[in-house]
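Spelled out, the chains give:
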Amino acid sequence: PQTSKYPPGARLSPYNGQLLLSTGEDKYTGYSKLLLKYFLAQGIASGHHVLFSSAEENSSSFIKGLPWITSDDANDLDDGAKIDDKMKIAWRYKEMKKFESGIKSNNRKNVIPTIFKDKRIPIAGSQRQEQPFCYTFDLTKQIPQSSIDLASITLVDATKWTDELHNESIYDKLLSEIRHKNALRIGIHSIASPSWRSNSPHDLYRFFHALRGLLRISSSLSVITIPAHLYSSNNSESCSFIRRIEHISDAVVELESFAGSSATVNNIYSASYHGLFHVHKLPTINSLISPSIKLSILSGGGGNNLGFKLRRKKFSIETFHLPPEGGLTVRKVIKSGGDDEKKDPYDF
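Summary of the structure given here. (Residues numbered from 1 in each chain as written. Predicted model: local features only at pLDDT ≥ 70, side-chain atom pairs only at ≥ 80, totals over all residues. Heavy atoms only, no water.)

1. Describing the overall build of the protein chain
Phase 1: Of the regular secondary structure elements, the protein chain holds eight helices and 16 strands.
Phase 2: When burial is assessed residue by residue, the protein chain has 38% of its 348 residues classed as buried.
Phase 3: Entry remark: accessible area of the protein chain is about 21600 Å², with carbon and sulfur atoms responsible for 51%. (Helix = DSSP H or I, 4+ residues; strand = E, 2+ residues; numbered from the N terminus. Buried < 20%, exposed > 50% of the residue type's maximum accessible area, 1.4 Å probe, protein only. Areas by Shrake-Rupley, 256 points an atom, 1.4 Å probe, with all protein chains shown as cover.)

2. Re the sheet that holds strand β10 (residues 185-189)
Phase 1: The strand order across the open sheet built from four strands is β9-β4-β10-β11, with neighbouring strands paired in parallel fashion. The open sheet is flanked by β9 (153-157) and β11 (221-224), the only strands paired with a single partner. In this sheet, adjacent strand axes meet at a mean angle of 15° when their direction is disregarded.
Phase 2: As paired strands, β10 and β11 are joined by four bridges and run parallel to one another. Looking across to β11, one finds that Arg185 is bridged to Leu221.
Phase 3: Across the sheet, helix α5 (residues 201-216) is in contact with β10 and β11; its angle to β11 comes to roughly 150°. (Pairing = 2+ DSSP bridges. Axes fitted to C-alpha atoms, helices over the stretch in contact; angles between N-to-C directions. Contact = heavy atoms within 4.5 Å.)

3. Brief notes about the environment of Tyr273
Phase 1: The residue Tyr273 is located in the loop between α7 (267-272) and β14 (275-281) in this model.
Phase 2: Once the C-alpha coordinates of Tyr273 and Phe320 are considered, the two residues, 47 residues apart in sequence, prove to be 8.3 Å apart.
Phase 3: When sequence neighbours within four positions are dropped, the list of residues in contact with Tyr273 reads Phe258, Gly307, Phe308, Lys309, Glu318, Thr319, Phe320 and His321.
Phase 4: Side-chain polar atoms of Tyr273 contact the backbone oxygen of Thr319, separated by 3.2 Å. (Polar contact = N/O pair within 3.5 Å; in protein donor to acceptor, adjacent residues only side chain to side chain.)

Given below as structure tokens:
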């Protein structure tokens, strides 16, 4: 049989022929840091060459804090959650299909891979099994040190470049490191923060433009997080900075947390979700319209009505919807008069 020429954890898009890898901006909190960890952990589990850089924290500590694969899909539910097939609304709705606001997990069990240098062989008994496109990760499990030692990981610690730059831009040095590494997944944490000590915003514009050119002639993919809250003022210069970054990037998403938002958040929203997931821009490579608009299960590109929630063992992005009226509170009728007052028709 003909073997696939694509690396593990990658497949060809049937819509526009682009290579897809399984897995933005951050507002008020560090949820984008968690998404970046998912991105890197998926690459290590798939045997990809991973490159990570940060000027905010130690790169080695960041990699050691990555989540790892769960061997049981039952971990998708919290330990205290109980599955009840009986609906409480009415008995005639019992056999109806349950409304799904997220993407259902693959029923196939995760095969925890054994990682070797330059290759990955998933072991299940003595036979080699088909390698899954996506793994399911457990946030309560950290990546084993043995997997880190055997994985192909390049750490670019930008915190050590303070005395080595001289007249060179910090982003030019980062681009030079990336250019000489054949990494399939590139993760950069909290770029454009004060820790990067850039002399001019134009240095970052040139970096994005050059990095985008490198990715076009390779099979690599880069995920970069930006602390957008540092540039959320009404100053036109700050707004222009973020807009230019969005224009240079292929895809832009924003995670807006309810916890740190200065706006008033309804309790109904915060009880079901931890924040909103905004899709500002989708990739349109080799196509006029982004394939995500037609192929996305969550329809994030169309309605852009997505929310996210963080549970103990997983982070999930779901279609944002309101709960049934009266589902969170008990309807109460206050009586202040005598018997002549009109009664509530629903009061038995």
